[in-house]
Every structure is written in structure tokens, then in C-alpha cells.
There are 2 protein chains.
Amino acid sequence: MIKLYGYWRSTAAYRVRIALNLKQVSYSQHSVHLVKDGGEQHSPGYRGINPQGLVPALVDGNTQIGQSLAILEYLEERYSKTPLLPSKLADKAFIRQLCQIIACDTHPLNNLRVLQFLSNDFNIKDSDKTKWYHHWLALGFAAFEALLKKQAINGPYCFGTELTMADACLIPQIYNANRFDYPMENHPLLAAINEKCLKLTRFQDAIPENQPDAV
Amino acid sequence: MIKLYGYWRSTAAYRVRIALNLKQVSYSQHSVHLVKDGGEQHSPGYRGINPQGLVPALVDGNTQIGQSLAILEYLEERYSKTPLLPSKLADKAFIRQLCQIIACDTHPLNNLRVLQFLSNDFNIKDSDKTKWYHHWLALGFAAFEALLKKQAINGPYCFGTELTMADACLIPQIYNANRFDYPMENHPLLAAINEKCLKLTRFQDAIPENQPDAV
């Protein structure tokens, strides 16, 4: 059975949970506590699976994969019955561009290790960390919404009526934005997509609070 | 003909140039000056192509794509004769994981807009910017090298004798590291791969200094 190493609040792990649920793949969860004992992701045991020391990691037999988008692409080919990418080449590129706006240009600037580095090594105070966090989120979400408008997407999801990897990336990032009191009013289309997705059981089952290691 | 909107020194555009050259695809270059007039990437004209206002963007007929990894995946399917991904699913995941260590967890923390934000909005002085830059580079390169070792890769390239997307991502990041005086001694395997790749004409033709808009 597929094993997912993750953490309830990790938005990158949340992306993978959504994809696994949408594809109806059974999997077992293995919690890697990102804070306890300085972070279990740095333990030699976990680094044996993912030398980068970040979650998530997916283990499928002898195959061990880190990086959430690499995992989504792997699942896409391995479980192709419920595709999360459109069939046309140009549409695939559009969806991947949306995913990367989140996974390359938004989340990596705002994740735990960056916020910790700003506090510990740059003495950045909490209010400035919020400014930092909101700044990159605002840019990422504005680009995401502008791209949806350019392609005349009006919901209910990021690719109209088809659920895709883009929804699996967007919904966790909005969860994180809410956690850090980021106002979603400037991004009405994204807020509407979030509402629609969270009505679906397969998204509900993936939300952080519904995971076995949630505190 | 394929159009590439980029900038000579952008490492994300450099990745795409390498891929286009390896696949022997002819293309025309359109320079987007990232500094002049506050950055041409913010102009309405360019944002019409890529609403995110970042380079690169690839235009193929009516298809306009931003995000370098989305572009690499598009080129992979569009020009499949010279693949830059291995054929086995697990190997593909390995190469994509390497790419994302650079494109998600290293470069986005160190690119121009982040360094500008640290200076302008956080009054971070130049020596601390170097500390920031080297910190994320050290983590990214260490993870990249650890992953190569885990898969028993000893060069000449990131996937042994096959050139892949991972080389297209790694070589530009090392170019950038050299520009910011980052010592590569800690990453001997990456330094050796860099040397081997740069002996190849198709990489040479892609280096920033050999672009029409190089200063």
C-alpha cells in the first residue's frame, strides 16, 4: 500500500492527500512532526527516505519520492483512471503553471523553515513576518486569479467543471492564508473556488483538522 | 516559430534555453529587461502574455506559458524525439524531484524580487543578503547531491549518461551561485556535473553571456 509521510498542517502534504483522495487511492499516513524535538523531518530515519528533510514523501514499494509536484505527476501516471491534468497540451501547461505559482513562487517563501530563519537569524519581529507572509501570498494569489481570468475560467473549479492538480494546490494555500489572517476579499474567484471544493467529501477528508496527527 | 521571452541572466529562462537547445528546437528570443524602467516584466504588454509578470514565458502559436517547469513539461511532450525525462515512472519522479529542489526550494528564495524586497522593505544590508542567499543555496545543493548519492549517480550528468531536465535546472543555478561567490567545494559531484555539461555546445549556446541581450 502507498505510504504518505506528512504532517497534518503541511500544505504540501495536504496537496498530495487531495490528489490521493480524488483518485481514490488507499494509503497509510505516517506523521513526521515538524516541530517536536527540533523537527522529525531532520531525523536520519526520515532523511533516508527523503534526503531533503522536508515533507511530504511518498513511498510506493521501492520507490521513494519527495517534492509534492513530483508526487502529483507520479500519481497522475500511476493512477491514470481519474486524471488531474486535462488532455490537451496547452491546457496541461496552463494547469501546471497554476500549480507552480503556488508550489514555486508562493509556498516556499512562506513555509516554516523560512519563517524560522527570519526570526532566528534576522531578528525579524512577528509583525514583520506577517508583512512578509502576506506580501508573497498577495502576489501569488493575484497572479493565479489573473491567469484564471485570462483563460476565462469562472469556476466552479480552477479548470471549470474538471477538478485538477491546480485545485489540489490552491485549496491548501488558502487554508494556510486563513491561518495567517490573510484577507481573501481581494481574490473573489479563488475564494469561490475554495468554497466549492470544500463542499466535496474528498477535499473534506484531506483537510488538516481531519488527519490522525492533528492536534 | 517558438518565441522565448526571457532575460540573459534569468536562471529560469536559462533552463528553458538549455532544454530547447538539447531538443534542437529553433526559437526566437525576446528580451524582457528585468531592471530597466523598474522592470519590463511588469509592463502591461508582457503581463498580457504572462500575468504573473515573471520571466520566462514561451509562446507557441496561440499557447502562452509561464513558469519554467511547466514550459519544460510542455516541450517534453511537444518535442518528444529527444526526451529529457527517463521512461520509467520512478526515474521520472527522481528527475522531477531534483528539478523541484532547484525550482521550488532554492531559486524562488534567492531571485531578484526577493533580494529587492529584503533590501527595500526590511533594510537588510548587503552582507546579510549574501548570508540569506548562501543559506538557501547550501541547503538546496546539499539535498540535490544527497539525492544523487542515494540513487548511486556518479555523473557525468544528473542521470548518469542521459541528459535530463535536472541538468537544465542545475547548471543555471550553479551559474547563479558563482555570480554570488558561493563556494562550490562542498558539492563536488555537482561541480563535476557542471563542468561536464558546460563542455557541450548546447549548454554553451545557452549560457547568459552568449545571449543577444547580454550586457
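Residues numbered from 1 in each chain as written. Chains lettered and ligands numbered in written order. Predicted model: local features only at pLDDT ≥ 70, side-chain atom pairs only at ≥ 80, totals over all residues. Heavy atoms only, no water.

Caption draft 1: Local environment of the relation of the copies chain A and chain B. Superposing chain A onto chain B requires a rotation of 180° together with a translation of 0.0 Å along the rotation axis, leaving an RMSD of 0.0 Å. Taken together, the rotation angle and the small translation identify this as a two-fold axis. Distance from the rotation axis, computed per C-alpha, reaches its smallest value in chain A at Cys104 of chain A: 2.1 Å. Taken together, the interface assignments show that 100% of the residues at the interface of chain A recur at the interface of chain B, consistent with an identical surface on both copies. (Least-squares fit on C-alpha atoms with pLDDT ≥ 70 in both. Contact = heavy atoms within 4.5 Å.)

Caption draft 2: Up close: the packing of aromatic side chains. Tallying each qualifying case throughout the model produces 23 aromatic pairs over all chains. Residues Tyr14 of chain A and Tyr175 of chain A carry aromatic rings whose centres are separated by 5.9 Å and whose planes lie at 85° to one another, so their mutual orientation is edge-to-face. Placement of the pair is Tyr14 of chain A in helix α1 (residues 11-22) and Tyr175 of chain A in helix α8 (residues 165-179), with a sequence separation of 161 residues. What makes Tyr14 of chain A buried here is its relative accessible area of 1%. The class of Tyr175 of chain A is buried, set by a relative accessible area of 16%. Judged by centre distance (5.8 Å) and plane angle (40°), the ring pair of Phe117 of chain A and Trp132 of chain B falls under tilted. (Phe/Tyr/Trp six-rings, centres within 6.5 Å; stacked < 30°, edge-to-face > 60°. Helix = DSSP H or I, 4+ residues; strand = E, 2+ residues; numbered from the N terminus. Buried < 20%, exposed > 50% of the residue type's maximum accessible area, 1.4 Å probe, protein only.)

Caption draft 3: The arrangement of the confidence of the model for chain A in detail. For chain A, per-residue confidence averages 97 on the pLDDT scale, and residues scoring 70 or more make up 100% of the total. This complex was scored by the predictor with a pTM of 0.98 and an ipTM of 0.98. (pLDDT = per-residue confidence, 0-100.)

Caption draft 4: Quick peek at the pairing of strand β2 (residues 27-31) of chain B. All names here are of chain B. Across five bridges, strand β1 (residues 2-6) lies against β2 in parallel orientation. Residue pairing across strands places Leu4 opposite Gln29, the latter belonging to β2. Taken together, β1, helix α1 (residues 11-22) and β2 constitute a β-α-β crossover, and its handedness is right-handed. (Pairing = 2+ DSSP bridges. Right-handed = clockwise from strand over helix to strand, strands pointing away.)

Caption draft 5: Structural view of the sheet that holds strand β3 (residues 57-60) of chain B. All names here are of chain B. With respect to topology, four strands assemble into an open sheet ordered β2-β1-β3-β4, the strand pairing being mixed. Either end of the sheet is taken by a strand with one partner, and the two such strands are β2 and β4 (63-66). Within this sheet the neighbouring strands show an average axis-to-axis angle of 20°, counted without direction. Bridge analysis of β1 against β3 gives three bridges, and the strand direction is antiparallel. For Lys3, the partnering residue across the bridge sits in β3 and is Val59. Running over the sheet, α1 touches β1, β2 and β3 and is turned about 155° from β1. (Axes fitted to C-alpha atoms, helices over the stretch in contact; angles between N-to-C directions.)

Caption draft 6: Region of the structure containing the sheet that holds strand β3 (residues 57-60) of chain A. Residue and element names in this part refer to chain A. The strand order across the open sheet formed by four strands is β2-β1-β3-β4, and the pairing between neighbours is mixed. Looking at the sheet topology across the chains shown, the edges are occupied by β2 (27-31) and β4 (63-66). In this sheet, neighbouring strand axes are inclined to one another by 20° on average, regardless of whether the strands run parallel or antiparallel.

Caption draft 7: Summary view of the domain arrangement of chain A. Residues and elements named next belong to chain A. By the assigned domains, chain A splits into domain 1 (2-82) and domain 2 (89-202). Domain 1 and domain 2 are separated by 20 Å when their C-alpha centres are compared. Taken together, the contact between domain 1 and domain 2 spans 17 residues of the former and 19 residues of the latter. Around 1,800 Å² of area is buried between domain 1 and domain 2 when both sides are counted, 65% of it from carbon and sulfur atoms. At the junction of domain 1 and domain 2, the tally comes to one salt bridge. One salt bridge connects Glu73 with Arg96, and the closest N-O pair in it is separated by 2.7 Å. The interface formed by domain 1 and domain 2 contains four residue pairs in polar contact (both at pLDDT 80 or more). For the side of domain 1 that touches domain 2, the secondary-structure elements that each account for two or more residues are α1 and α3 (68-78). Looking at side-chain class alone, the side of domain 1 that touches domain 2 contains 10 nonpolar, three polar and four charged residues. (Domains from an automatic or database assignment. Buried area = accessible area lost by both parts, 1.4 Å probe. Salt bridge = Lys/Arg side-chain N within 4 Å of Asp/Glu carboxyl O. Polar contact = N/O pair within 3.5 Å; in protein donor to acceptor, adjacent residues only side chain to side chain. Nonpolar A, V, L, I, M, F, W, Y, C, P; charged D, E, K, R; others polar.)

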